[in-house]
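Notes for the structure review
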Amino acid sequence: MEFKGVCVLLGVLLLVNCSFQQTPPKKKLIKKDTARDSAIEDLQKQINDIVQELNLLKEQQALQTVCLKGIKSHGKCFLADTVRKRYHTASEDCNALGGVLGTPTSRDENDQLRDYIRQSIGPNEQVWLGVNDMVTEGTWVDQTGSSITYKNWDTSNQRSPQPDGGQSHNCAVLSDASNGKWFDENCREEKPSICQFNIV
């Protein structure tokens, strides 16, 4: 009986000893896993940063190409599209290039656009601007939906100053023939356009 008791006691001690010996490696594995996970997270962050820098460089290169082909004014580049399109198509095409339809924000910028239109599209042309009152009649906004601060409507016709088209004319054009003045037009008409790209 004594021998049996000693064997049982030895067996219990061995089990206790084994369980203590197995616990530290588990802790070490957890520390190694945590260190490895942290290293993976750091690498993933570095990869994301590199991808972001690469995308920024691509965007800057594209903007340089646009600025070389078009004009640069007040932290923006403008590029003429001579193809006649409806307002929405012109807007979508600008968006696909990473820009929006041009919206001059000062007299100087408007005059530069007028001169650029004359040179790149031709004299006496009208081009779509990124200005419309589609949502609320009479409330003219840019392509982001923000109210426009600069306006250059043609008010020379006392009987019918611009904008005068009511609900049928919801999109704005810049007219070279009227020395850069704006008119409201039917958005379904086909006209050239100006794309605007903000320089980072």
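Residues numbered from 1 in each chain as written. Predicted model: local features only at pLDDT ≥ 70, side-chain atom pairs only at ≥ 80, totals over all residues. Heavy atoms only, no water.

What follows covers the pattern of salt bridges. According to the stated counting rule, one finds 10 salt bridges in the structure shown. Where K85 meets D81, a salt bridge forms, and the shortest distance between an N and an O atom there is 2.6 Å. Considered together, K85 and D81 belong to a single accessibility category, that of buried residues. For the salt bridge of R84 with E125, the shortest nitrogen-to-oxygen distance reads 2.9 Å. With a gap of 41 residues between them, R84 in strand β2 (residues 76–85) and E125 in the loop between α3 (107–120) and β4 (126–132) connect regions that are remote in the sequence. Residues joined by salt bridges that share partners form a network here, namely D111, R114, D115, R118 and D176. (Salt bridge = Lys/Arg side-chain N within 4 Å of Asp/Glu carboxyl O. Buried < 20%, exposed > 50% of the residue type's maximum accessible area, 1.4 Å probe, protein only. Helix = DSSP H or I, 4+ residues; strand = E, 2+ residues; numbered from the N terminus.)

In terms of burial, β2 is largely enclosed, as seven of its 10 residues are buried. In this structure, strand β1 (residues 71–73) lies alongside β2, joined through three bridges in antiparallel fashion. If you follow I71 over to β2, its bridge partner there is F78. Between β1 and β2, which follow one another and run antiparallel, lie two residues, and H74 among them has a positive phi close to 50°. (Pairing = 2+ DSSP bridges.)

Time to look at α3. For α3, built from 14 residues, the straight-helix expectation of 20 Å at 1.5 Å per residue is met to within 8% by its first-to-last C-alpha distance of 20 Å. Positive backbone phi, at 130°, marks G122, one or two positions downstream of α3. (Expected span 1.5 Å × (residues − 1).)

Turning our eyes to something else, we now look at the nonpolar core. With 32 residues, the main nonpolar core has W128, V131, L174, W182 and I194 as its most contacted residues. Only β2, α2 (87–96), α3, β4, β5 (171–175), β6 (181–185) and β7 (191–198) provide two or more residues apiece to this core. (Core = buried A, V, L, I, M, F, W, Y, C linked by side-chain atoms within 4.5 Å.)

To continue, consider unusual backbone geometry. Residue P163 follows Q162 across a cis peptide bond; omega there is -10°. Despite not being glycine, H74 shows a phi value in the positive range, around 50°. Structurally, the position occupied by H74 is in the loop between β1 and β2. Notably, N179 is not glycine yet its phi reads approximately 60°, a positive angle. Topologically, N179 is positioned in the loop between β5 and β6.

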